[in-house]
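Each chain, letter by letter, is given below.
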Amino acid sequence: MRISESAIPFGGCFTTVSESLSNSQLVFVGLPDDEQSSYRRGCAKGPERIRYAYDGYCYNSASESGIELTGAVVDLGDWLPQRSWDLTAQAYYEGAQSLFRAGKIPFFAGGDHAVTIPIGKALDVLGEPIHVVQIDAHSDLYPDFDGNPYSHACVAARLLELKHIASVTQIGIRTMNWVQNQQVKQFGERLHVLSARELPEQLEPPPHLTEGAPVYLTIDLDGLDPAFAPGVSHPVPGGLSSRQVLNLIQRARWNLVGMDVVELNPEQDVNDQTAILAARLLHEGMGYVVEQSLTVNSEQ
Ligand SMILES: [Mn+2]
């Protein structure tokens, strides 16, 4: 798809590296890799669509709660896939580590969900146990998928093997099978599975994630219902609404250390509906971080 040269990416939230890399805490990075997708390819084109479908001519840079993000986010561009997944994962791991070390709060756009494996690994540099909240139709708990331990169907299993991941809380799950249920038993109390059919209309932040808990949020767009997010590789009916997920982000009282939105497949999308939703979720996450920092500063 052609992108207008005059497009204003991401609702006008982006600035350039030269202007403020040193003092902007919010950074955006595209991870255009779909090598680990088990079925359809296409997610590699996600980051570019997320940038430009959410155009500054159509959307302004304020979050729903009124946090103004004009020029507040540094777009670091895309971290391109390497010759092999091992090399790509290593590059994502090292890149994310350097951002966390520098005190940045990164917002990643996938790519398929496998990109979250090296990013989750990089959370170790924060030096404290990190909780992962995963919005998803799939629990991604397979020990391996068709012999591949780095498949996008194995993300949560790989994260739960990391000592610095305190817990994984999955919201919107509706594709559990026998193998994955066995894994639920194995991972015990560190894994919380909230299935879609049990969720209330108003999602509340899970009670075990107390105020100020360090949380990395990973949103697989197929966690939302295909009515809201048709542009995914694995649509599963019966999912969350845009409103439910936006409210969850806004009502959380976590310390958000980073966030990704993955599995946008532009080839399956309808009028950029899912790309715009992906950008909106990232935008609200950015607004949430700024709002939290303002609250903390005003309390001091
Ligand atoms: Mn999924």
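This section reports on the structure supplied with the text. For every chain, the first residue of the written sequence is number 1, and numbering continues from 1 along that sequence. Only residues with pLDDT of at least 70 get local features here, since the model is predicted, and only at 80 or more are side-chain atom pairs given and counted; chain-wide, interface and lining totals rely on the full set of residues. Excluding hydrogens and water, the side-chain figures rest on all heavy atoms present in the structure.

Some remarks on the sheet that holds strand 7 (residues 191-195)
Taken in spatial order, the 9 strands make up an open sheet running 1-3-2-4-9-8-5-6-7, and their pairing is parallel. Of all strands in the sheet, those with a lone pairing partner are strand 1 (14-15) and strand 7, marking the two edges. Following DSSP output, two strands are said to pair if at least two bridges run between them. Each helix is a run of H or I in the DSSP string that is no shorter than four residues. Each strand is a run of E no shorter than two, and both are numbered from the N terminus. Here 6 bridges tie strand 5 (residues 130-135) to strand 6 (residues 165-173), and the two strands are oriented parallel to one another. Across the sheet, Gln 134 pairs through a bridge with Gln 170, a residue of strand 6. It only takes one pair of heavy atoms within 4.5 Å for two residues to be counted as in contact. Axis angles are defined between N-to-C directions and span 0 to 180 degrees, where every axis is a line fitted to C-alpha atoms and, for a helix, only to the segment in contact. This element, helix 7 (residues 242-251), spans strand 5, strand 6, strand 8 (214-220) and strand 9 (255-262) of the sheet and lies at about 170° to strand 8.

Here's the deal with helix 2 (residues 46-53)
Since there are 3.6 residues in each turn of an α-helix, residues three or four apart along the chain are aligned in direction. In terms of burial, helix 2 is largely enclosed, as 6 of its 8 residues are buried. Among all positions in helix 2, only Gly 46, Pro 47, Arg 49, Ile 50, Arg 51 and Ala 53 are buried. Note on exposure labels: buried denotes an accessible area under 20% of the residue type's maximum, exposed denotes more than 50%, and partly exposed covers the range between, all computed with a 1.4 Å probe on protein chains only.

Considering the nonpolar core
One recurring pattern in soluble globular proteins: nonpolar side chains tend to sit buried together. Throughout this description, the term nonpolar core refers to a set of buried Ala, Val, Leu, Ile, Met, Phe, Trp, Tyr and Cys residues connected via side-chain atoms within 4.5 Å. Membership of the largest hydrophobic core comes to 47 residues, with the highest contact counts inside it found for Phe 10, Ile 219, Leu 281 and Leu 282. Of all the secondary-structure elements, those providing two or more residues to this core are strand 2 (26-31), helix 2, strand 4 (105-110), strand 5, strand 8, helix 7, strand 9 and helix 8 (273-299). Among the elements that take part in this core, helix 8 stands out by supplying 9 residues, more than any other. Not counting residues up to four positions away in its chain, the partners in contact with Leu 281 are Ile 219, Leu 221, Leu 224, Val 245, Leu 246, Ile 249, Met 259 and Val 261.

Comments concerning the environment of Ser 151
Following the sequence through the fold, Ser 151 ends up in the loop between strand 5 and helix 5 (155-160). Considered as a pair, Ser 151 and His 113 are 38 residues apart in the sequence and their alpha carbons are 8.4 Å apart. With residues near it in sequence (within four places) discarded, Ser 151 still touches Gln 36, Ser 38, Ala 114, Ile 117 and Phe 145.

Looking at the side chain of Asp 34
With respect to the secondary-structure elements, Asp 34 resides in the loop between strand 2 and helix 2. Its relative accessible area of 12% is what places Asp 34 among the buried residues. Discounting chain neighbours no more than four positions away, the residues touching Asp 34 are Arg 41, Gly 42, Cys 43, Ala 44 and Asp 112.

Side note on helix 3 (residues 85-101)
Every helix has an expected span of 1.5 Å times one less than the residues it contains. Counted at 1.5 Å a residue, the expected span for helix 3 with its 17 residues is 24 Å, and the 24 Å between its end C-alpha atoms agrees. Within helix 3 the residues assigned to the buried category are Trp 85, Thr 88, Ala 89, Tyr 92, Tyr 93, Gly 95, Ala 96, Gln 97, Leu 99 and Phe 100. Of the surrounding elements, those touching the buried residues of helix 3 are strand 2, strand 3 (73-78), strand 4, helix 4 (116-122) and strand 9. After helix 3 finishes, the residue Gly 103 shows a positive phi value of roughly 80°.

Considering the packing of aromatic side chains
Stacked, tilted and edge-to-face pairs are distinguished by plane angle, under 30 degrees for stacked and over 60 for edge-to-face with tilted covering the rest, among Phe, Tyr and Trp rings (Trp via its six-membered ring) whose centres lie within 6.5 Å. Summed over all chains, the structure comprises 8 aromatic pairs. Ring geometry for Phe 10 against Phe 28: centres 5.5 Å apart, planes inclined by 55°, an arrangement best described as tilted. You can see Phe 10 sitting in the segment before strand 1 and its partner Phe 28 sitting in strand 2, a full 18 residues away along the chain. Taking relative accessible area as the criterion, Phe 28 reaches 0% and is therefore assigned buried.

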